[in-house]
Amino acid sequence: MYKTEALKERKENGKREYGGLDRFRMAAAFLVVAIHTSPLVSFTETGDFFLTRILARIAVPFFFMVSGFFVLKGENTGRAVRKFMKKTALLYGISILLYIPLNIYNHYFQMEDFFKNLIKDIFFDGTFYHLWYLPAAIEGIAVAYFLLRRFGKKGALLFSISLYLIGLFGDSYYGVIKGVPVLAGIYERLFSLSDYTRNGIFFAPVFFVLGSVWAGKLSEENSRQAISLIVPAGAMAECFLAMAAEGMLLHRFSMQRHDSMYVLLIPAMYFLFWFLTDFRRKGSFMLRKISMLIYIIHPYMIVITRMGAKVLHMEKWFIENSLLHYLAVSIESFLCALLLLELWKRWDNRNDRRKRKFGKGVQRHRAEMEGSQSMSGRQQTGVGRTTEHVWRETDRAWVEVNLSNLGHNARALKAIMPEQCELMAVVKANAYGHGACLTAECLQKEGIRQFAVASLEEGIALRKHGITGEILILGYTDIRKSRQLKKYRLVQTVIDYEYAKELNACRLHLPVHIKIDTGMHRLGIDSRHAEQISGIFQLSFLKVTGIYTHLCVADSLDKEDIEYTENQIKRFYELLDVLKVKEHPGIKVHLQSSYGLLNYPSLSCDLARMGIALYGVKSALGDVTRQKPDLLPVLSLKARVGMIREIEAGESVSYGRAFRAERNSRIAILPIGYADGFPRNLSCGKGSVLIHGKKLPIVGRICMDQLAVDITGEEGIRPGDAAVLIGRDGALEISAEELAYQADTITNELLSRLGPRLKRVPVFSDL
Ligand SMILES: *Cc1c(COP(=O)(O)O)cnc(C)c1O
């Protein structure tokens, strides 16, 4: 768990690290200790007020904002929010138990109206004075999440600030309403539910929303470089000074009922966050955990320090001198946090070891070892996965997706496109078997902003995964589902004129691309029907943002085929002229798919729809193209040897007894079959696999879930060893093209049929 979390968090933020935030967590934790120990009080009351009742008030909002920043970012945060709430609730539960001894010591259980107060404490005020933070975090994120979903960023900000304003008058600005009986009455009611307005309803939500807003801002300006820290630092300093003045004035005129909330706290937090997220340092998992532990345990240290001082007769030093008292508590809390963390780590490691020892034997262990080798590469690129993940995903049969090669291919293809042309990644059919979310996420990090899918559901899956670029649906979508297009901001292809009219009748204001048929005769409006096509531009609820056609023999360099393609191209551009598309800069023009680009690279257009080439393979083995960019295959298909059996000469293997051994043989059974997309017509020696760098034949009929390989003479092979069905093993390679050829099909079909039982495992190579 310990390692998993560290890696996962790193993964979530891609390559960025927020060391600035992590460092400030420690500062914030010590500020919280200061609030509860008043370090300066024995020297200067005003100074202490300034430090603990004004400056230190940034600590808790900071923690809320950090959580908002990491949890409420991206499109689909529901799961992350639930996880955060669960984790915080668990921590709260443990903390409540932890503080029962001190509760007893403080006669907590003898208070009046015990049950009413207990409920109130559990939901708002905390069962110990500092614990209010945990229920406030749970409620705060729930409110923030609701507001963000319901009203969007601006609306959520507005609502949460309004809540904060209401809270303000029950806190630092209480003096303003105290004199108005009606208002004072209302607030009294509030206080009977929660001792303060500094809680999860009025106080916390705005900071969660701010964190989320800031995360959105950063992801939009992905390439933004922190030019200088001076701007946010200056603004931050100004806000803090003004907030100090605000606090001091309120204090001077005795306006405050409590002193957690200030008007200027919000802008101050905003600039503080700006400063800290631009302050680039390596993130630190340790600091994150230690700061949280300090927060939870420091009240114990206060008690221990006081007791210790009394026992040792050092009250003068460690109780009466507030600064020494503070330092003692801080140091003790820090050391105790370190100790706890160390214990946790040991416990975690022991569990790991135990799992390995009592796990399912050799094969998992080996998978784990192999997994940990490829791990180092992963960690470098930031997509962290644990060994545990890896063996779970590679314990049967799996697809390895080389994301380094995918990125390389995208760059290689861009290099042969005209300058103004953008790469549209075609990730339909689970990205040709490569895993749509995995590949799209990787490409998004590469800077790709255009994606194409075949169906509505494929588009929705990408959105839910956090893909923010444009997503074009190339195929048909039932009109009855058109609302979903709007909801998930998907661009639908208008496949014919009737379809356009029906979609328009939904009155939804949808962006569309028009598909033109120039000779493929599949989807699209005939290019000769220019009036119909220009009629679509007139439809008031459709906004045409693109127009495209598809070439049907662009892969062939036969003279006749080239003529056909050139004719398609000509028809398309003539139509564009008639429609005067050039005069509308908002309309994206596109016509090439992979072979279109490879054979006709210099066509003038805005997008090129790259499918098969992006995955680094050709459709068919012998295909020759005019352009020959250096493309690398992305996918490998692998399976574990499940078991090994010895059979005697004359005995048969698998259905139909199609294989009969001519000699005493060793047969390896691999847990992969045609239900996984491995073609059945590769049965009986037509196909082979690589094990230990050797090519070995598939024997007998391929079954739904397994197949047999003749490994006679290969003594070193053991159950749990990896077999390669597509990809490289040592010096040998079985390419997807070659396999498709043997199976009488094209690479596109072979790959796109690789089934959902196969886990997609990202791997990285050094290029
Ligand atoms: C599938 C598809 C593509 C991608 O084709 P590749 O040959 O794999 O690059 C492009 N355009 C349309 C309309 C498609 O259906």
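The structure reproduced in this document is the subject of the present report. (Residues numbered from 1 in each chain as written. Predicted model: local features only at pLDDT ≥ 70, side-chain atom pairs only at ≥ 80, totals over all residues. Heavy atoms only, no water.)

Points about unusual backbone geometry
To keep things clear, this is the line we draw: A run of H or I in DSSP counts as a helix once it spans at least four residues, and a run of E counts as a strand once it spans at least two, with each numbered from the N terminus. Note on classification: 1.4 Å probe, protein chains only; a residue is buried when its accessible area is under 20% of the maximum for its type, exposed when over 50%, partly exposed between these limits.
Phi angles above zero are rare outside glycine, and Ser254 is one such case at about 50 degrees. In this fold, Ser254 is placed in the loop between α12 (230-252) and α13 (265-278). For Ser254, a relative accessible area of 55% puts it in the exposed group. Unlike most non-glycine residues, His509 shows phi in positive territory, near 55 degrees. Tracing the backbone through its elements, the reader meets His509 in the loop between α24 (497-504) and β6 (510-517).

A short note on the site of the ligand
Stated precisely, the cut-off is as follows: Nearness is judged by heavy atoms alone; a residue qualifies as near a molecule or strand once a single heavy atom is within 4 Å of it. Contacts described as polar in this section are N or O atom pairs within 3.5 Å, which, within protein, must combine one atom able to donate a hydrogen with one able to accept it, while residues neighboring in sequence count only if both atoms come from side chains. Here, Shrake-Rupley sampling with a 1.4 Å probe gives the accessible areas, and only protein chains in the shown set may cover a residue. Think of it as three bins: nonpolar holds Ala, Val, Leu, Ile, Met, Phe, Trp, Tyr, Cys and Pro, charged holds Asp, Glu, Lys and Arg, and polar takes everything else, Gly as well.
Around the ligand, the neighbouring residues are Val426, Lys428, Tyr432, Leu474, Arg522, His550, Ser593, Ser594, Arg609, Met610, Gly611 and Ile612. Within the side chain of Ser594, an N or O atom sits 2.5 Å from an oxygen atom of the ligand. Measuring from an oxygen atom of the ligand, one finds a backbone N or O atom of Ile612 at 2.8 Å. Computed on the free molecule, the ligand has an accessible area of 390 Å², of which 89% lies beneath the protein chains in the complex. If you list the elements that add at least two residues to the shell around the ligand, you get α20 (428-432) and β10 (607-610). Class assignment for the residues of the shell around the ligand results in five nonpolar, four polar and three charged.

Some remarks on the side chain of His298
Keep this limit in mind: Residues are treated as being in contact if the distance between any of their heavy atoms lies within 4.5 Å.
The residue His298 is located in helix α14 (residues 285-311) in this model. If sequence neighbours within four positions are ignored, His298 has contacts with Val32, Val33, His36, Tyr99, His130, Val329 and Ser333.

Concerning the pairing of β10
Note the threshold: Between any two strands, at least two bridges found by DSSP are needed for them to pair.
Of the two faces of β10, the one holding Leu607 and Arg609 and the one holding Ala608 and Met610 are both buried throughout. The pairing of strand β2 (residues 422-426) with β10 spans four bridges and is parallel. Bridge pairing in β10 places Met424 opposite Arg609.

A short note on helix α21 (residues 436-445)
Listing the buried residues of α21 in full gives Ala436, Thr439, Ala440, Cys442, Leu443 and Gln444. For α21, the elements touching its buried residues are β1 (397-402), α19 (403-415), β2, α20, β3 (450-453) and α22 (456-464). The positive-phi residue at the C-terminal boundary of α21 is Gly447, with phi of around 100 degrees.

Quick notes on α19
What sets the pattern is the α-helix's 3.6 residues per turn: residues three or four places apart point alike. The test is simple: Multiply 1.5 Å by the residue count of a helix minus one, and that product is the helix's expected span.
With 13 residues, α19 should cover 18 Å at 1.5 Å per step; its first-to-last C-alpha distance of 18 Å lies within 8% of that length. The buried fraction of α19 is high, at 10 of 13 residues. Taken together, the buried positions of α19 are Leu403, Ser404, Asn405, Leu406, Gly407, His408, Asn409, Ala410, Ala412 and Leu413. Packing partners of the buried residues in α19 comprise β1, β2, α21, α27 (594-599), β10 and β21 (759-763). Measuring from the side-chain oxygen of the N-cap residue of α19 to the backbone nitrogen of Ser404 gives 3.0 Å; that N-cap residue is Asn402.

Structural notes on the pattern of salt bridges
Think of it this way: side chains of opposite charge can pair up when their charged atoms draw near. Note the cut-off: Note on definitions: salt bridges are taken to be side-chain nitrogens of Lys or Arg within 4 Å of carboxyl oxygens of Asp or Glu.
Enumeration over the complete set of coordinates arrives at 25 salt bridges. Between Asp676 and Arg396 there is a salt bridge; the shortest N-O distance is 3.1 Å. With a gap of 280 residues between them, Asp676 in the loop between β15 (665-670) and β16 (688-691) and Arg396 in the loop between α18 (387-393) and β1 connect regions that are remote in the sequence. Arg396 sits in the partly exposed class, given a relative accessible area of 22%. Through salt bridges that share partners, Arg396, Asp676, Asp705 and Arg757 make up one connected network.

Observations regarding the nonpolar core
Formally: Remark: nonpolar core denotes a set of buried residues (Ala, Val, Leu, Ile, Met, Phe, Trp, Tyr, Cys) joined through side-chain atoms within 4.5 Å.
Leu413, Phe451, Ile547 and Leu614 are the most contacted members of the largest nonpolar core, which totals 118 residues. Those residues in contact with Phe451 that lie beyond four places of it in its chain are Met424, Ala425, Val427, Ala440, Leu443, Gln444, Leu462, Ile467, Glu470, Ile471 and Leu472. Counting 87 residues, the second largest nonpolar core, distinct from the first, contains Tyr18, Ala137, Tyr300 and Ile302.

Some remarks on the environment of Gly211
Summarising the element assignment, Gly211 is placed in helix α11 (residues 204-220). Between the alpha carbons of Gly211 and Ile138 there is a distance of 15 Å; along the sequence they are 73 residues apart.

A word on the packing of aromatic side chains
As a reminder of what qualifies: Side-chain rings of Phe, Tyr and Trp, where Trp is taken by its six-membered ring, are said to pair if the distance between their centres is within 6.5 Å; with planes under 30 degrees apart they count as stacked, over 60 as edge-to-face, and otherwise as tilted. We count a charge as sitting over a ring when the NZ of a lysine or the CZ of an arginine lies within 6 Å of the ring centre and within 35 degrees of the ring normal.
One pass over the structure, following the stated rule, counts 38 aromatic pairs. A ring pair is formed by Phe64 and Phe208, whose centres lie 5.3 Å apart and whose planes are at 35 degrees; its orientation type is tilted. You can see Phe64 sitting in helix α4 (residues 59-71) and its partner Phe208 sitting in helix α11, a full 144 residues away along the chain. Here Phe64 matches Phe208 in class, with each residue buried. Each ring, one from Trp214 and one from Tyr270, has its centre 5.2 Å from the other, and the planes form 85 degrees; the classification is edge-to-face. Here Tyr270 lies in helix α13 and Trp214 lies in helix α11, a separation of 56 residues in the sequence. Since its relative accessible area comes to 24%, Tyr270 is described here as partly exposed. Cation over ring: Arg257 sits above Phe191, and NZ or CZ is 3.4 Å from the ring centre.

So, the packing of helix α5 (residues 78-98) against helix α8 (residues 133-168)
Applied cut-off: Note on geometry: axes are lines fitted to C-alpha atoms, helical ones only across the stretch in contact, with angles between N-to-C directions running from 0 to 180 degrees. Here the word oblique covers every angle except those under 35 degrees (roughly parallel), over 145 (roughly antiparallel) and from 65 to 115 (roughly perpendicular). Crossing handedness: left-handed means the near helix sits turned counterclockwise from the far one by under a right angle, and right-handed means the same turn made clockwise.
It is at 9 Å that the axes of α5 and α8 come closest, and there the two elements cross at 165 degrees. With respect to α8, the axis of α5 lies roughly antiparallel. Between α5 and α8 lies a crossing of left-handed hand. Contacts between α5 and α8 involve Gly78, Val81, Phe84, Met85, Thr88, Ala89, Leu91, Tyr92 and Ser95 on the former and, on the latter, Leu134, Pro135, Ala137, Ile138, Ile141, Ala142 and Tyr145.

What about the side chain of Asn199?
Tracing the chain through its elements places Asn199 in the loop between α10 (181-193) and α11. Owing to a relative accessible area of 2%, Asn199 belongs among the buried residues under this scheme. In terms of polar contacts, Asn199 uses its side chain to reach the backbone carbonyl oxygen of Tyr196, at 3.2 Å. Asn199 has contacts with Phe124, Ala136, Ser194 and Ala204, leaving out every residue within four places of it along the chain.

So, a nonpolar patch on the surface
This is how the line gets drawn: Only residues whose relative accessible area exceeds 30% and that take part in no salt bridge are eligible for patches, with like-charged residues grouped when within 9 Å of each other and nonpolar side chains (Val, Leu, Ile, Met, Phe, Trp, Tyr) grouped when within 5 Å.
Among the surface-exposed residues, Phe43, Met286, Leu323, Leu327, Ile331, Leu335 and Leu338 lie close enough to one another that they form a single nonpolar patch of about 610 Å² accessible area. It is helix α16 (residues 322-358) that contributes the most residues to the nonpolar patch, five residues altogether. Assignment of secondary structure puts Met286 in helix α14.

A few points about the packing of helix α7 (residues 114-125) against α10
For the pair α7 and α10, the least separation of the axes is 9 Å and the interaxial angle reads 90 degrees. Classified by the interaxial angle, the pair formed by α7 and α10 is roughly perpendicular. Across the interface between the two elements, Lys116, Lys120 and Phe124 from α7 touch Phe191, Ser192 and Leu193 from α10. When grouped by side-chain class, the residues that make up the contact of α7 with α10 number three nonpolar, one polar and two charged.

Comments concerning the pairing of strand β4 (residues 470-473)
Put simply, the rule is: Note on handedness: a clockwise path from strand one over the helix to strand two, with the strands aimed away from the viewer, defines a right-handed crossover.
Across four bridges, the pairing between β3 and β4 is parallel. Bridging from a neighbouring strand, Ala452 pairs with Leu472 of β4. Considered for its hand, the β-α-β crossover made up of β3, α22 and β4 is right-handed. Where β4 lies against strand β5 (residues 491-494), two bridges are found, and the strand directions are parallel. By the bridge assignment for β5, Leu472 is matched with Val491. Viewed along the sheet, the connection from β4 through helix α23 (residues 482-487) into β5 turns out right-handed.

Honestly, it's all geometry; don't read function into it.
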